[in-house]
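Reading the structure
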Number of protein chains: 2
Amino acid sequence: MTYCCGILVRDGIVLVADTRTNAGLDNIATFRKLHIFEKPGERVLLLATSGNLSVTQGVVNFLSEGFENPDTGEVENAMTASTLLQAAQLVGRAVRRARMEAFNSAEQSAGVSFDVSLLLGGQIAGGAPRLFMIYTAGNCIECTPDTNYLQIGEHKYGKPILDRAVNFDTDIYDALKIGLISMDSTIRSNLSVGLPIDIALLRRDAFQLEVSTRIDSSDEYFRDLRERWSKALRAAHMAIPAPPYRGRAP
Amino acid sequence: MTYCCGILVRDGIVLVADTRTNAGLDNIATFRKLHIFEKPGERVLLLATSGNLSVTQGVVNFLSEGFENPDTGEVENAMTASTLLQAAQLVGRAVRRARMEAFNSAEQSAGVSFDVSLLLGGQIAGGAPRLFMIYTAGNCIECTPDTNYLQIGEHKYGKPILDRAVNFDTDIYDALKIGLISMDSTIRSNLSVGLPIDIALLRRDAFQLEVSTRIDSSDEYFRDLRERWSKALRAAHMAIPAPPYRGRAP
């Protein structure tokens, strides 16, 4: 599986993505799921992918190399979209096309799921930072200040901390930290999500990435974060008084 | 949906179960999912249920009123099992039977899932406290000191805290507290799990429940626990230093 989360705050966008893929528990590999399309000064697009790897790789290839828009006949890619909404719609078309190709070449592989879901965040000059989730059907939803994060893949383990800790006014580095805590909770409870983690931080109106790096098991900050978080949770539940219930309700 | 967790510690067993059922988001109701079969001084059985309500109610009815064992011809119920393993196997037979009846009477309701899963914890004189999970197929697994908790229903949100905080040597009231925190995380992040919560605490060799009560939204301890936990989580992530990442990896 996969876990990726994207957080939209006033100051920009953060994406956190694991890299573990698996076709069965005995077939685990590392693949980058966080893809960057950048033209400094003009646009940064961040794409996080989950689901069938052949389809998501197909989507990334379409966005890099371009593919024809049947309505206009023009070849479009991640660099040609003039707004982030158009980029999200382009991702949707790429998903439909990559899935169709997978279906067509897979008559014999009944039972395989070609479902995918993706996050697309970024900013294109002239527009605000925006964050979208694109579904298997190619449709999309957009993050708003009311619900300022989106998740794909194994989202449940890491949701409680996001629900509690993050809002549109959260500092962007705090948002990154909370994204890492959310990832840590997921990694700890689900074997199919694993290190290394790719992270990206795009500040509003910067039009180039402020952070783009990979965190592996030797990363000191992440090791310290995991340890502090574990200790703090232990301290937190130990500080809560013991339940007063005794005996039975009538 | 449902969320129930059972925790086995050296001193006994704790069960925590929500009460929300839903057939679609627009059809929500409250049903008890934690059932008690008790003969003070001899046995206490605690059964938590999730899944298709007609099947789980069928199971509870079979355990209360008894049903024939086809191998022996004898009528068995929760009071006749002489060990907890036998009781778990009895629950398994009740599940198979209740599902079969549901299938037979449901020719027209294609697409309805009759799947269930259950937790059975307790102690019968002569044996130790034991905790089982019974699956739809009627088979079961048992909690051990290595993995001393089991969950049914919406288990992912509340798993990280259990993975971190609970082990076989945890004090039994701490285990109850952690079960309540796990429930709180689930309720907060998933609408299909809701108050009130039923809780039960069975101390080893007591052969009667030490705690059996219902927690609703007016419960002061639980309100305080939720608030303290939220505050502690906020404090915990705020105490972690900001991520040091800046710039990009080569």
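Residues numbered from 1 in each chain as written. Chains lettered and ligands numbered in written order. Predicted model: local features only at pLDDT ≥ 70, side-chain atom pairs only at ≥ 80, totals over all residues. Heavy atoms only, no water.

Our next topic: the relation of the copies chain B and chain A. Note on the copies: chain B fits chain A at an RMSD of 0.0 Å, the axial shift is 0.0 Å, and the rotation between them is 180°. The operation mapping one copy onto its partner corresponds to a two-fold rotation axis. Within chain B, the C-alpha atom positioned nearest to the axis of rotation is that of Tyr-157 of chain B, 2.3 Å from it. Most of the interface of chain B is mirrored in chain A, where 100% of its interface residues are also at the interface. (Least-squares fit on C-alpha atoms with pLDDT ≥ 70 in both. Contact = heavy atoms within 4.5 Å.)

Once that is clear, we can look at the nonpolar core. Ranked by internal contacts, the top residues of the largest apolar core, which has 70 residues, are Leu-180 of chain A together with Leu-180 of chain B. Excluding anything up to four places from it in sequence, Leu-180 of chain B contacts Tyr-245 of chain A together with Val-16, Ile-197, Ile-199, Ile-215, Tyr-221, Phe-222 and Leu-225 of chain B. (Core = buried A, V, L, I, M, F, W, Y, C linked by side-chain atoms within 4.5 Å. Buried < 20%, exposed > 50% of the residue type's maximum accessible area, 1.4 Å probe, protein only.)

All names here are of chain B. Computed from the structure, the largest pocket encloses a volume of approximately 430 Å³. Lining the largest pocket are 20 residues, with Thr-21, Asn-22, Gly-51, Asn-52 and Leu-53 sitting closest to its centre. Listed by contribution, the elements that provide at least two residues to the lining of the largest pocket are strand 3 (20-22), strand 6 (43-51) and helix 1 (53-65). Across the lining of the largest pocket, the residue classes break down as five nonpolar, twelve polar and three charged. Within this model, the second largest pocket holds a volume of roughly 350 Å³. (1 Å grid on protein atoms, 1.4 Å probe; cavity = no way out; pocket = protein on both sides within 12 Å on 5 of 7 lines; lining within 4 Å. Points joined across faces, edges and corners; volume = space filled by probe spheres on them. Helix = DSSP H or I, 4+ residues; strand = E, 2+ residues; numbered from the N terminus. Nonpolar A, V, L, I, M, F, W, Y, C, P; charged D, E, K, R; others polar.)

This part covers the state of the cysteines. Tallied over the entire structure, the rule returns zero disulfides over all chains. Free cysteine: Cys-5 of chain A, not disulfide-bonded; nearest cysteine sulfur from Cys-4 of chain A at 8.1 Å. Cys-143 of chain B takes part in no disulfide bond, and the closest cysteine sulfur to it belongs to Cys-5 of chain B, at a distance of 10 Å. The class of Cys-143 of chain B is buried, set by a relative accessible area of 3%. (Disulfide = S-S within 2.5 Å.)

Before going further, it helps to spend a moment on the pattern of salt bridges. Opposite charge on two side chains permits pairing when their charged atoms draw close. Tallied over the entire structure, the rule returns 34 salt bridges over all chains. Notably, a salt bridge pairs Glu-42 of chain A with Arg-43 of chain A, separated by 2.5 Å at the nearest N-O pair. As a salt-bridge pair, Glu-210 of chain B and Arg-203 of chain B come within 2.7 Å of each other at their nearest N and O atoms. In this structure Glu-210 of chain B comes out as buried when scored by relative accessible area, which is 16%. For Arg-203 of chain B, a relative accessible area of 28% gives the class partly exposed. Each of Arg-32, Asp-198 and Arg-214 of chain A takes part in a single network of salt bridges with overlapping partners. (Salt bridge = Lys/Arg side-chain N within 4 Å of Asp/Glu carboxyl O.)

So, on to helix 1 of chain B. All names here are of chain B. Between its first and last C-alpha, helix 1 extends 18 Å over 13 residues, near the 18 Å set by a 1.5 Å rise per residue. When helix 1 is considered as a whole, its buried residues turn out to be Val-55, Thr-56, Gly-58, Val-59, Val-60, Phe-62 and Leu-63. Each element contacted by the buried residues of helix 1 is listed here: strand 5 (34-39), strand 6, strand 7 (67-68), strand 8 (75-76), helix 2 (84-104) and strand 9 (116-124). In the segment just after helix 1, Gly-66 is the residue with positive phi, at about 90°. (Expected span 1.5 Å × (residues − 1).)

Bringing the interface of chain B and chain A into the picture now. Opposite the 50 residues of chain B that make contact, chain A presents 50 residues. Approximately 4800 Å² of surface area, both sides summed, lies buried where chain B meets chain A, with 58% of it carried by carbon and sulfur atoms. Considering only the side of chain B, the residues that lose the most area to chain A are Arg-164, Ile-240 and Tyr-245 of chain B, jointly responsible for 18% of the buried surface there. Here chain B is connected to chain A by six salt bridges. Linking Asp-184 of chain A and Arg-164 of chain B is a salt bridge whose minimum nitrogen-to-oxygen distance equals 2.7 Å. At the junction of chain B and chain A, the tally comes to 24 residue pairs in polar contact (both at pLDDT 80 or more). Residue assignment for the side of chain B that touches chain A shows that the elements contributing at least two residues are helix 3 (159-165), helix 4 (172-189), strand 14 (211-215), helix 5 (220-239) and strand 15 (247-248) of chain B. Top element by residues in the side of chain B that touches chain A is helix 5 of chain B. It accounts for 13 residues. Per-class residue counts for the side of chain B that touches chain A are 28 nonpolar, seven polar and 15 charged. (Buried area = accessible area lost by both parts, 1.4 Å probe. Polar contact = N/O pair within 3.5 Å; in protein donor to acceptor, adjacent residues only side chain to side chain.)

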